[in-house]
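Given next are the chains, with one letter for each unit.
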Amino acid sequence: MGCDGGTIPKRHELVKGPKKVEKVDKDAELVAQWNYCTLSQEILRRPIVACELGRLYNKDAIIEFLLDKSSEKALGKAASHIKSIKNVTELRLSDNPAWEGDKGNTKGDKHDDLQRARFICPVVGLEMNGRHRFCFLRGCGCVFSERALKEIKTEVCHTCGAAFQEDDVIVLNGTKEDVATLERRMEARRLRAKLGKKTKKPKVAESLSKSDVSEEAPGPSKMKTGKPEETSLDSQEKKSTSAPRSAAAHGSSSGKAGKPPCGAMKRSIADSGESEAYKSLFTTHSSAKRSKEESAHWVTHTSYCF
């Protein structure tokens, strides 16, 4: 600071200018995106899954993230949109036969080719190193290069033959514009799923109510089954039970509940077509009536008369 020893400071040493923006090496960024897990920052190893935004993860890291209920989660922003294991798709990747991995550089005396990738496109043969755009199908999880899908236009997967639509194609490690479009699709898909669940609930309730009604009300087959003797007995019991009910209802309406008029009973017995022996059992029969001469004369006897 004191310029000791005759040193002459220069202007850039005394005046502090604006800081230079540090540029990220593109090769290092591509290696980080395509060879390391977005959540745990570990090397990608099978089983490898991808989210609806096209990011690559280790399946073990996703399961640990979902099971972790603590408020502080490491790198939680990278997987905040993943609510369950159903939000990720396990990828079907094709190995690159030319990739040796760490076997070719055991002594550390060889140059590691960062452009060499572990996986390739099974249709075109392009390596999945970030230089070419790759995408996967959300339904089956097969991975292809975008060039293969454009050159061979089809609505069926090239590997497994599963049908897919345009919304099922998700770009892996896409640009900001690609991520924005994928995010809109994801929100629309989840909204449709919620609306579908709400519409299913009233339908299930209606089906349950209909099943209860059908169980309570017997069908025609149940009504017709049974022996004719049993049905005749049931009809007789119903008539016998319905007769006192109708009589009680008639009595309640006339003001005398449960007691039919006596005249009606007498007329019914006298006018009935029964035999004379049966009619003689009742007091209304002519044989039961006596004249005044035949009637006994009762006299009360007391000892005070003598």
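Everything numeric in this text was worked out from a predicted model, so none of it was measured. (Residues numbered from 1 in each chain as written. Predicted model: local features only at pLDDT ≥ 70, side-chain atom pairs only at ≥ 80, totals over all residues. Heavy atoms only, no water.)

## A few points about the overall build of the chain
Counting its secondary structure elements, the chain contains 9 helices and 8 strands. Within the chain, residue pairs in contact and separated by at least 24 positions form 46% of the contacts whose partners lie at least 6 positions apart. Summed over its atoms, the accessible surface of the chain is roughly 24300 Å², and 55% of this surface lies on carbon and sulfur atoms. (Helix = DSSP H or I, 4+ residues; strand = E, 2+ residues; numbered from the N terminus. Contact = heavy atoms within 4.5 Å. Areas by Shrake-Rupley, 256 points an atom, 1.4 Å probe, with all protein chains shown as cover.)

## Remarks on helix 3 (residues 59–67)
For helix 3, the complete set of buried residues consists of A61, I62 and F65. Down the axis, helix 3 shows its buried residues gathered within 100° of arc, on one side only. Residues of helix 3 that are exposed and point more than 90 degrees away from the buried face comprise E64 and L67. Packed against the buried residues of helix 3 are strand 1 (48–50) and strand 2 (56–58). (Buried < 20%, exposed > 50% of the residue type's maximum accessible area, 1.4 Å probe, protein only. Arc of directions from axis to C-beta.)

## Things to note about the pattern of salt bridges
Throughout the structure, instances matching the rule amount to 8 salt bridges. For R45, the salt bridge is made with E42, and the minimal N-O distance between the two is 3.3 Å. Accessibility expressed as a relative area gives 38% for E42, which makes it partly exposed. Linking R133 and D178 is a salt bridge whose minimum nitrogen-to-oxygen distance equals 3.0 Å. Here the residue R133 occupies a position in the loop between strand 5 (119–120) and strand 6 (134–137), and D178 occupies one in helix 5 (residues 176–216), the gap between them amounting to 45 residues. The class for D178 is buried, based on a relative accessible area of 16%. Salt bridges sharing common partners tie together E52, R189 and R190. (Salt bridge = Lys/Arg side-chain N within 4 Å of Asp/Glu carboxyl O.)

## Some points on the sheet that holds strand 7 (residues 143–145)
Across the sheet, 3 strands lie side by side as 7-6-8; this open sheet has antiparallel pairing. In this open sheet, the two edge strands, each paired with only one partner strand, are strand 7 and strand 8 (169–171). The average angle at which neighbouring strand axes cross in this sheet is 35°, direction not considered. Where strand 6 and strand 7 come together, 3 bridges link them in antiparallel fashion. (Pairing = 2+ DSSP bridges. Axes fitted to C-alpha atoms, helices over the stretch in contact; angles between N-to-C directions.)

## Quick look at the side chain of D178
Polar contacts involving the side chain of D178 include one to the side chain of R133, which spans 3.0 Å. Ignoring anything within four residues of it in the chain, the contact list for D178 reads R133 and V171. (Polar contact = N/O pair within 3.5 Å; in protein donor to acceptor, adjacent residues only side chain to side chain.)

## Things to note about the nonpolar core
If you look at the biggest cluster of nonpolar residues, it comprises 41 residues, and the most contacted ones within it are L39, Y57, L91, M128, F134, V143 and L172. Among the elements that take part in this core, strand 6 stands out by supplying 4 residues, more than any other. Contact partners of L172, with chain neighbours within four places excluded, come to W34, A50, G54, L56, M128, F134, C135, F136 and V143. (Core = buried A, V, L, I, M, F, W, Y, C linked by side-chain atoms within 4.5 Å.)

## Looking at the sheet that holds strand 2
Pairing in this open sheet of 3 strands is antiparallel, and the strands run 2-1-3 from one edge to the other. Edge positions in the sheet fall to strand 2 and strand 3 (89–90), since each of these pairs with one other strand and no more. Across 2 bridges, strand 1 lies against strand 3 in antiparallel orientation. Paired with A50 across the strands is T89, a residue of strand 3. Contacts from helix 3 reach strand 1, strand 2 and strand 3 within the one sheet, and its direction differs from that of strand 2 by about 80°.

## A word on helix 2 (residues 26–35)
Taken together, the buried positions of helix 2 are L30, V31 and W34. Take helix 2 and look down its axis: the buried residues cluster within an arc of 100°, on one side only. Contacts from the buried residues of helix 2 go to strand 2 and strand 6.

## A word on a nonpolar patch on the surface
On the surface, I63, L67 and I85 cluster together to form a nonpolar patch covering roughly 270 Å² of accessible area. As for its placement among the helices and strands, I63 is situated in helix 3. (Patch = residues over 30% accessible without salt bridge, like charges linked within 9 Å, V, L, I, M, F, W, Y side chains within 5 Å.)

## As for the packing of aromatic side chains
The final tally for this structure, using the stated rule, is 1 aromatic pair. With a centroid separation of 6.4 Å and 70° between ring planes, the pair formed by W34 and F134 is classed as edge-to-face. Of this pair, W34 sits in helix 2 while F134 is found in strand 6, placing the two residues 100 residues apart along the sequence. Judged by its relative accessible area of 6%, W34 is buried. Residue F134 is classed as buried on the basis of its relative accessible area, which comes to 1%. (Phe/Tyr/Trp six-rings, centres within 6.5 Å; stacked < 30°, edge-to-face > 60°.)

## Comments concerning the confidence of the model for the chain
Mean pLDDT over the chain works out to 75, with 63% of the residues at or above the 70 mark. Long-range and interchain partners of residues 219–233, a stretch whose pLDDT sits below 50, account for 1 contact in this model, where long-range means more than four residues apart. Low confidence marks residues 246–260, where pLDDT is under 50. Its contacts with residues over four positions away, or in another chain, come to 4 contacts. (pLDDT = per-residue confidence, 0-100.)

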